[in-house]
Amino acid sequence: MFASRRGALAALLLLCCCCFAPNAAVAELADKLRDDSELSQGTAKTFRRIMPVRFYSLLEQNPVANATLALRSCTIFVPTNEAFQRYKGTAQVLYHMTTAAFSQSQLKTSVTSDMEGNPPLYITNGRNGDIYVNNARIIPSLSVELTNREGKRQVMHIIDEVLEPLTAKSSSTEMNNMDAMQFMRVADQLNLGNRTLRTYRTQVTMAKKESLFESPGFHTFLVPIDEGFKHSTRSGLVDAKVIDGHVIPNTVIFTAASEHDEPKTSAAFEDQIKVTVSFFKQKDGKMYVKSNTFLGDAKHKEGVVLAEIVKANIPIKNGVVHLIHRPLMIIDTTVTQFLQFLTDNGENGALRKFYEVIMDAGGGVLEGINNLSEVTILAPSNEAWNISSIDNIVRDRKKMTDILNMHIIKDRLNVEKIRQKNANLIAQVPTVNNRTFLYFNVRGEGADTVVTVEGGGVNATVLQADVAQTNGFVHIIDRVLGVPHTTVLGKLQTDPMMSDTYRMGQFSHFNDQLNNTLRRYTYFVPRDKAWQKTELDYPSAHKKLFMRDFYYHSKNLLERHLVIADHAYTMKELVQMSLTDTVVLQTFRDSLKVKIEEEAGHLHDEYASHEWTEYVILWNYKKINVYRPDVECTNGIIHVIDAPLLEEKDIVVSGGSYLPESSICIMLANLIMITVAKFLN
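In the annotation of an unreviewed UniProt entry, the chain is listed under the name Fasciclin-1 isoform X1 and assigned to Drosophila albomicans.

Structure below.
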């Protein structure tokens, strides 16, 4: 650390001497880096690498900066070489300086820069303790302090990004330290690319909300660009409450320091309406912001609205502005329109690949969505499609259509309604693919809520829930449902409905074989609720089956449920095989004789009426319902069943017979009655 401080000190001494004899100072620094015994070779190389020549040059050419370094106290924020290589503009040297010395611990809220008009530099703290100046992170180990020749304290902080102030297109444009309202009024004259803000500025003026944007302090302003108002009626929906929902008061949020998906209270937060705003970053690097209206009214519907940040981190007098591609809070498109905008004008790019696959599969899927009055879509993110197993399926239109339909629900389901259907169990929801259900699981509350969904053998996590449309919701998920990506073992390990069967199989290492991709398994897996019923009927036997000391019995039981063949059997195939005779399947240790029947299932709830196919296993004079058929894995198929394939001999452990305790009570009562009768006779 001492060597690092000496290296940085040498660099800062160079800066202090530039105005007097820059060439001599450079030579002096080179000698110091070469000759100083207290400065390690590695440290010297580090500072040569990170100290940008371009920044030195800019300092040498700026007389104000030179005078400050030579005569006054100051803090200077020096970007690294890598930061300059990424930056395409011309760095404003005085925007990187302030005429006061601040160590890292002394940097609070904001400091005044030396640039003309003295625009502020905002200081924020990341969750992991990092300190940011605007959007640039201070590299903690490379900050140094010293006293110049005039006895003035000076501090240098190395940062990972060039600080970019607000600038005009023309040098003739008069620039001052403007607030958010002034920024919107002169936006056409500023360096914002081709983006204009006339529509939103007009709505702010009509709603008489100028004072919100003029208010002093430290705020975050989310400003929609004109491109986001192409929808014919959208601008008319921007009222005072919507405008409030675009402002995070008393908090400055730059994207690099933003906390991922951490809700912040907007100015639209009162008794009648409550809106939060949060930032999140996609894996492709794009930054998004979302509003969540969790308490709305007739005009402001509840739900999430996403917007991409098209130009971020514009510092102004009273905070920071982020330009977004569409207004927040406004729900004015159907699910179909939401998806179509992917190609029409680039909206909602996070689902671009999903839309492309829908179109490649033909118009039927999109037409089906459009015909639904209420619909919920589980939409895989762009990254979810980046697995090799999808490539062949995409080419098969019929198969791909079935998979896409697995992502479509005829109900209008947000997370709260899913939670209600969950009712402390895993919610079962039918899809438009009549052969499949989705199984939702909701854990946690508020910001800690985690929603998972299983379909076709694939567990997915909801990355972004409740993206609201006029006729339903879109939930963005991290996997494509129905495209298996894990083995039978992997599925058992991760599925909350099969945890007891997985735990039982661990005792005897029975599960180890289920990772073998050279075999094809058909595994009839009792769900956890099935084992819970067994515990009620045979408590002692159940207890011992789940004890490691009795692994031999549990292993024998599980072997009856596992079919090993050259082919994994779907329920539809087993039904066809059952039409002529009892089906004999070769299990791990013996054979399993079953018949499979189809039955029509019906569901009527507050959301919709559904019909589907149910399957029943006829085995050993028992009828066992198949709760989840055809859970596909990379090396087989799992059928989740409502009862274990339990024989009488399975409940005999170490010579003891374990009948249901109710039966034992009846037998004991009968024995007492017989004994009493004999005594009386």
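Structure shown, so let's carry the discussion forward.
Participant: Could you give an account of the pattern of salt bridges, naming the residues involved and the relevant values?
Facilitator: Throughout the structure, instances matching the rule amount to 26 salt bridges. Salt-bridge contacts for Glu214 lead to Arg185; the nearest nitrogen and oxygen are separated by 3.7 Å. Taken together, the residues span a long stretch of sequence, with Glu214 in helix H9 (residues 210-214) and Arg185 in helix H7 (residues 180-185) at a distance of 29 residues. Through salt bridges with shared partners, one network takes in Glu454, Lys491, Asp495 and Arg628.

Participant: Could you give me a rundown of the sheet that holds strand E1 (residues 74-79), with the residues and numbers involved?
Facilitator: Strand order in the open sheet formed by 4 strands is E2-E1-E8-E7, with mixed pairing between adjacent strands. Two strands close off the open sheet at either side, each with one partner strand: strand E2 (97-98) and strand E7 (144-147). As paired strands, E7 and strand E8 (residues 153-159) are joined by 4 bridges and run antiparallel to one another. In the sheet register, Leu146 faces E8, and the bridge partner there is Gln154.

Participant: Before we move on, could you go through the packing of helix H12 (residues 352-360) against helix H15 (residues 397-405) and cite the residues and values that matter?
Facilitator: Remark: H12 packs on H15, axes separated minimally by 10 Å, with the N-to-C direction vectors making an angle of 130°. In this view, H12 runs oblique relative to H15, as classed from their interaxial angle. In this structure, H12 crosses over H15, and the sense of that crossing is left-handed. Two secondary-structure elements touch here, H12 through Phe354, Val357, Ile358 and Asp360 and H15 through Arg397, Met400 and Leu404. Within the contact of H12 with H15, the residues separate by chemical class into 5 nonpolar, no polar and 2 charged.

Participant: Go over the nonpolar core with me, naming the residues and quoting the values.
Facilitator: Grouped together as the largest cluster of nonpolar side chains are 34 residues, with contacts concentrated most on Leu339, Phe354, Ile377, Trp385, Leu404 and Val474. Among the elements of the structure, strand E14 (303-316), helix H11 (335-344), H12, helix H13 (364-370), strand E16 (375-380), helix H14 (389-395), H15 and strand E22 (472-477) are those that each provide at least two residues to this core. Per-element accounting of this core gives the leading share, 4 residues, to H12. The contacts of Leu339, once residues within four sequence positions are left out, are Phe354, Tyr355, Ile358, Leu366 and Ile369. Phe84, Ala91, Ile123 and Ala136 belong to the second-largest nonpolar core, a separate cluster that totals 33 residues.

Participant: An account of the side chain of Ser103 is requested, with residue identities and associated values reported.
Facilitator: Along the chain, the position of Ser103 falls in the loop between E2 and strand E3 (110-112). Looking at Ser103, the relative accessible area reads 10%, which means it is buried. Every residue in contact with Ser103, bar those within four places of it in the chain, is listed here: Glu145, Arg153, Val155 and His157.

Conventions used here
- Position labels on residues start from 1 in each chain and follow its written sequence.
- Totals for whole chains, interfaces and linings use every residue, but because this is a predicted model, local features are given only for residues with pLDDT of at least 70 and side-chain atom pairs only at 80 or more, for both listing and counting.
- Note: side-chain values were computed over all heavy atoms of the structure, leaving out hydrogens and water.
- Criterion for a salt bridge: a side-chain nitrogen of Lys or Arg within 4 Å of a carboxyl oxygen of Asp or Glu.
- Secondary structure elements follow DSSP: runs of H or I no shorter than four residues count as helices, runs of E no shorter than two count as strands, and numbering proceeds from the N terminus.
- Two strands are said to pair when DSSP picks up at least two bridges between them.
- Only C-alpha atoms enter the line fits that serve as axes; for helices the fit covers just the stretch in contact. Angles between N-to-C directions range over 0 to 180 degrees.
- For classification purposes, an angle smaller than 35 degrees is called roughly parallel, one larger than 145 roughly antiparallel, one from 65 to 115 roughly perpendicular, and anything else oblique.
- In a left-handed crossing the near helix is turned counterclockwise from the far helix by less than a right angle, and in a right-handed crossing that turn is clockwise.
- Only heavy atoms matter for contacts: two residues are in contact if any of them lie within 4.5 Å across the pair.
- Ten residues, namely Ala, Val, Leu, Ile, Met, Phe, Trp, Tyr, Cys and Pro, are considered nonpolar, four, namely Asp, Glu, Lys and Arg, are considered charged, and the remaining ones, Gly among them, are considered polar.
- Within this scheme, the nonpolar core is defined by two criteria: the residues are buried Ala, Val, Leu, Ile, Met, Phe, Trp, Tyr or Cys, and they are joined through side-chain atoms within 4.5 Å.
- Burial here depends on accessible area, computed with a 1.4 Å probe over protein chains only, as a share of the maximum for the residue type. Under 20% is buried, over 50% is exposed, and the range in between is partly exposed.

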